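# A look at the structure
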Amino acid sequence: MPWISLVHTFTKTIFVTSSISLLALILYQTLYGHHIYPTKHPPSFNEVTSIGIADHNCSLPTARYDISTGRAACYPSSGGIWMAELSALELQYLNIDRFNSSERSWDRDEENLFCEQLRPFGGSWYPSHLSDGLWIDGRCSELHKLEPAFSVFRRIGYPEGGGVWVLDRELPTSDTAVRNALSMEERCIVLERLGAIFCRDIKCCSALTDLSREPPELVEEGMRSRNYQTAKHVS
């Protein structure tokens, strides 16, 4: 019948046209390297690394006192974090709650003032960029477990009559006697027995000269000194 022949011709035309179009697309892909369908590529190494860093971003502490670590800290406007492990008497002297963690002051002047009060007791300074190294063994570590950029060992006592007793050397034996003092007067007596020096003015004390400089300056000064000693040794 005529209509059957017409349908057969139409179907054949569609098949031929589709085949030619498909062959043209395949040829175009082969010659120019384009994909007909979008291909999902695996992330690059840099992308994986950046994702990993973002997922493991450890925050620096912001506590004035952390009872879980037993450490007090201040945050000088010059940068970084000054941290010290204090005795109960030292915490009491600095008006720090000994039984609860507390947050730092976010007032610049107040925090700098607290740093002036905390640093005479010794401690360690950590630059802010050390936050990149807090991810250890699959978890965020404590800042005080990292190597500080600067440290100073010191035991001090403030007598009622003014001035300050300073012991700026580590003892051959434990300093338990110093920590066992129940008052500043007792502490001063113990420090004097252990060979501490007395300074009438804390700002003119040879054992406290580091307090006149900011922690980053002390680190830079230490690096210059080490470089000088190295150069002197080589020459």
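A brief look at the structure comes next. Note that this is a predicted model, so its numbers are computed, not measured.

## Considerations on the packing of aromatic side chains
As enumerated under the stated definition, the model contains five aromatic pairs in all. Seen from their ring centres, Trp-82 and Phe-150 are 6.3 Å apart, and the 45° between their planes marks the pair as tilted. Placement of the pair is Trp-82 in strand S3 (residues 81-85) and Phe-150 in strand S8 (residues 150-152), with a sequence separation of 68 residues. A relative accessible area of 0% means that Trp-82 is categorised as buried. Within the aromatic cluster, the residues linked to one another by ring pairs are Tyr-93, Phe-121 and Tyr-158. Sitting over the face of the ring of Trp-106, Arg-104 holds its NZ or CZ atom 4.1 Å from the ring centroid. A cation sits over an aromatic face here: Arg-119 above Trp-82, 5.1 Å from the ring centre.

## A short note on helix H4 (residues 108-118)
Think of an α-helix as turning once every 3.6 residues; residues three or four places apart then point the same way. Of the positions making up H4, those classed as buried are Glu-111, Phe-114, Cys-115 and Leu-118. Within H4, the buried residues cover an arc of 105° as seen down the axis, which keeps them to one side. Within H4, the exposed residues directed more than 90 degrees away from the buried face are Asp-109 and Glu-116. For H4, the elements touching its buried residues are strand S1 (63-66), strand S2 (71-74) and S3. Put simply, Asp-107 is the residue that caps the front of H4, since its side-chain oxygen is 3.2 Å from the backbone nitrogen of Asp-109.

## Quick notes on the sheet that holds strand S4 (residues 102-103)
Spatially, the six strands line up as an open sheet ordered S4-S1-S2-S3-S5-S8, and their pairing is antiparallel. On the outer flanks of this sheet lie S4 and S8, each paired with one strand and no other. In the packing of H4 onto the sheet, contacts are made with S1, S2 and S3, and the angle to S2 comes to roughly 130°.

## Here's the deal with the state of the cysteines
Going through the model one piece at a time under the given rule, you end up with two disulfides. A disulfide bridge connects Cys-74 with Cys-115, and the sulfur atoms are separated by 2.3 Å. Its S-S torsion of approximately 115° makes the covalent link between Cys-74 and Cys-115 right-handed. Of this pair, Cys-74 sits in strand S2 while Cys-115 sits in helix H4, and the two are 41 residues apart along the sequence. Like Cys-74, the residue Cys-115 is buried in the burial classification. With its sulfur 2.0 Å from that of its partner, Cys-199 forms a disulfide with Cys-205. Judged by the torsion about the S-S bond (50°), the Cys-199/Cys-205 disulfide is right-handed.

## With respect to the environment of Gly-70
Residue placement: Gly-70 occurs in the loop between S1 and S2. It is 6.1 Å that separates the C-alpha atoms of Gly-70 and Glu-85, two residues lying 15 residues apart in sequence.

Conventions adopted
Residues numbered from 1 in each chain as written. Predicted model: local features only at pLDDT ≥ 70, side-chain atom pairs only at ≥ 80, totals over all residues. Heavy atoms only, no water. Phe/Tyr/Trp six-rings, centres within 6.5 Å; stacked < 30°, edge-to-face > 60°. Helix = DSSP H or I, 4+ residues; strand = E, 2+ residues; numbered from the N terminus. Buried < 20%, exposed > 50% of the residue type's maximum accessible area, 1.4 Å probe, protein only. Lys NZ or Arg CZ within 6 Å of the ring centre and 35° of its normal. Arc of directions from axis to C-beta. Contact = heavy atoms within 4.5 Å. Polar contact = N/O pair within 3.5 Å; in protein donor to acceptor, adjacent residues only side chain to side chain. Pairing = 2+ DSSP bridges. Axes fitted to C-alpha atoms, helices over the stretch in contact; angles between N-to-C directions. Disulfide = S-S within 2.5 Å.

Without other data, these values stay purely geometric and don't point to any function.
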